[in-house]
Amino acid sequence: MTRLLPVLALLLSLTVPASAETKLPVITSFSILADFVRQVGGDKVSVTSLVGPDSDVHVYTPTPHDAKEVGAAKLLIVNGLGLEGWLPRLQQASGSRAPIITATAGITPRKRGSEADPHAWQSVGNAQVYVTNIRDALVAVDPADAETFKANAERYLAELTALDREVRAEIDKIPAERRKVISTHDAFGYFADAYGVAFIAPLGVSTETEPSARDVAEIIRQVKKTGIPAVFLENFNDDRLVGRIAAETGAKIGGTLYSDALSAENGPVPTYIALVRHNIRALTSALVR
């Protein structure tokens, strides 16, 4: 009987599908994309985010370890719209030939001057475009698991549709004249366009830029003139600038908004849906009388 055990083990191993033995290795540029991939890929994928939780994708510097990770991946998913300026040199260093999918394909970008605003995920409607592109990319790379990817995407897209309705219902609770805030950098333009809350930011689209003293003075003047009721921090930015604006204008510090990164898994926003819900709760708490 004992002689049969190795033979039985071999036969059993041959009946296990290849997709159950190994997961599709996928690299994403930052944590929000990683969550989208996990939602669609489920247990068929292994996802690594180059820029982790509570970290700033704008100022990311690739490491040799990152190049190794990218080199081993079968699929690389990025945001595009100028967010990952470091990507070409990372790809060259990795030697990767994996397909690169731009998750924002099909989205009309907002413009800030001559530059595209890369923060398209801040509109839940745009997030659905991300998910559709990711679904199609996973199906193309791993057609054996296509039905799983399609079913997961359909479920998640329905959740996002419900989330969009939820956001709109919460915004309706805010008086129209109070739908204006200060945020740390210009990351919420797509949210503003979709849901009708005006955001004024001392920083530009990228956190690599620094506001001049004149810029800050102009924002303080504008807050005083228009009566902007609240200023918000972001989860990875220095809070001193917003604190100064609040101190000099009397505007309320409304809490922390999550813009370019999720929190750690045990934090307040480990998923995209949690991020949107956190932000809308923070906004309504500060702006509803």
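Here the residue numbers are simple positions, counted from 1 along each chain's written sequence. Predicted model: local features are reported for residues with pLDDT of at least 70 only, side-chain atom pairs are reported and counted for 80 or more only, and whole-chain, interface and lining totals are derived from all residues. Where side-chain values are given, they derive from all heavy atoms of the structure, hydrogens and water being excluded.

1. A closer look at the overall build of the protein
Segments assigned H or I by DSSP are reported as helices when at least four residues long, segments assigned E as strands when at least two residues long, and all are numbered from the N terminus. Secondary structure assignment for the protein yields 11 helices and 10 strands. Across the 289 residues in the protein, those meeting the buried criterion constitute 49%. The contact criterion used throughout is that any non-hydrogen atoms of two residues lie within 4.5 Å. Pairs at least 24 residues apart make up 66% of the contacts formed inside the protein by residues separated by at least 6 positions. Calculation of accessible area relied on Shrake-Rupley with a 1.4 Å probe; when residues are assessed, cover is drawn exclusively from the protein chains displayed. Looking at the protein as shown, the accessible area adds up to about 13800 Å², and 53% of this sits on carbon and sulfur atoms. Think of it in three bands: with a 1.4 Å probe and only protein chains considered, a residue is buried below 20% of the maximum accessible area for its type, exposed above 50%, and partly exposed in between.

2. Remarks on the side chain of Asp164
Topologically, Asp164 is positioned in helix α7 (residues 146-171). When its relative accessible area of 16% is taken as the criterion, Asp164 is described as buried. The term polar contact refers here to a pair of N or O atoms within 3.5 Å; inside protein, the definition further demands a hydrogen-donor-capable atom paired with an acceptor-capable atom, and it admits residues adjacent in sequence only when both atoms are side-chain atoms. Side chain to side chain, Asp164 and Tyr195 meet in a polar contact 2.6 Å long. Residues within four places of Asp164 in sequence aside, it is in contact with Val124, Gly125 and Tyr195.

3. Notes on the packing of helix α4 (residues 64-72) against helix α5 (residues 87-94)
Each axis is a line fitted through C-alpha atoms, and for a helix only the stretch in contact is used; angles between axes span 0 to 180 degrees, taken between their N-to-C directions. In contact at an axis separation of 8 Å, α4 and α5 are set at 70° when each is read in the N-to-C sense. Between α4 and α5, the angle falls in the class roughly perpendicular. Across the interface between the two elements, Asp66, Ala67, Val70 and Gly71 from α4 touch Leu90, Ala93 and Ser94 from α5. Each angle receives one of four descriptions, namely roughly parallel if under 35 degrees, roughly antiparallel if over 145, roughly perpendicular if within 65 to 115, and oblique otherwise.

4. Concerning the nonpolar core
For our purposes a nonpolar core is just a set of buried Ala, Val, Leu, Ile, Met, Phe, Trp, Tyr and Cys residues, chained together by side-chain atoms within 4.5 Å. If you look at the biggest cluster of nonpolar residues, it comprises 74 residues, and the most contacted ones within it are Phe36, Leu138, Leu160, Phe191, Phe199, Tyr272 and Leu283. Broken down by element, this core gets its largest block of residues, 10 residues, from helix α11 (residues 272-287). Ile219, Ile220, Val223 and Ile245 belong to the second largest nonpolar core, which has nine residues in total.

5. Some remarks on the packing of helix α6 (residues 124-141) against α7
α7 packs onto α6 with a crossing angle of 180° between their chain directions and a minimal axis gap of 10 Å. Between α6 and α7, the interaxial angle falls into the category roughly antiparallel. Across the interface between the two elements, Val124, Gly125, Ala127, Gln128, Val131, Thr132, Arg135, Leu138 and Val139 of α6 pack against Ala146, Phe149, Lys150, Ala153, Tyr156, Leu157, Leu160, Thr161, Leu163 and Asp164 of α7. Each residue is assigned to one of three groups, with Ala, Val, Leu, Ile, Met, Phe, Trp, Tyr, Cys and Pro labelled nonpolar, Asp, Glu, Lys and Arg labelled charged, and all others, Gly among them, labelled polar. Here the residues of the contact of α6 with α7 sort into 12 nonpolar, four polar and three charged.

6. Considering the environment of Gly189
Tracing the backbone through its elements, the reader meets Gly189 in helix α8 (residues 189-195). The exposure class assigned to Gly189 is buried, which follows from its relative accessible area of 5%. Considered as a pair, Gly189 and Phe199 are 10 residues apart in the sequence and their alpha carbons are 7.1 Å apart. Leaving out residues up to four positions away in the same chain, Gly189 has contacts with Arg110 and Asp117.

7. Quick look at the sheet that holds strand β4 (residues 100-102)
Here we have four strands laid out as an open sheet, ordered β2-β1-β3-β4, and parallel in their pairing. Edge positions in the sheet fall to β2 (45-51) and β4, since each of these pairs with one other strand and no more. Across the sheet, the mean angle from the axis of one strand to that of its neighbour is 25°, orientation sign disregarded. Should DSSP find at least two bridges between two strands, the strands are taken to pair.

8. A few points about the pattern of salt bridges
Any Lys or Arg side-chain nitrogen located within 4 Å of an Asp or Glu carboxyl oxygen qualifies as a salt bridge. Under the defined criterion, the tally for this structure stands at nine salt bridges. Ionic pairing is found between Arg110 and Asp193, a salt bridge with its closest N-O pair at 2.8 Å. Residue Arg110 is located in the loop between β4 and β5 (111-112), and its partner Asp193 is located in helix α8; the two are separated by 83 residues in the primary sequence. Classification of Arg110 as partly exposed rests on a relative accessible area of 22%. A salt bridge links Arg168 to Asp164; the shortest N-O distance between them is 3.0 Å. Of the two residues, Arg168 and Asp164 both sit in helix α7, four residues apart, roughly one turn of that helix. Residue Arg168 is classed as partly exposed on the basis of its relative accessible area, which comes to 38%. Beyond isolated ion pairs, a larger network of salt bridges with shared partners links Arg110, Asp117 and Asp193.

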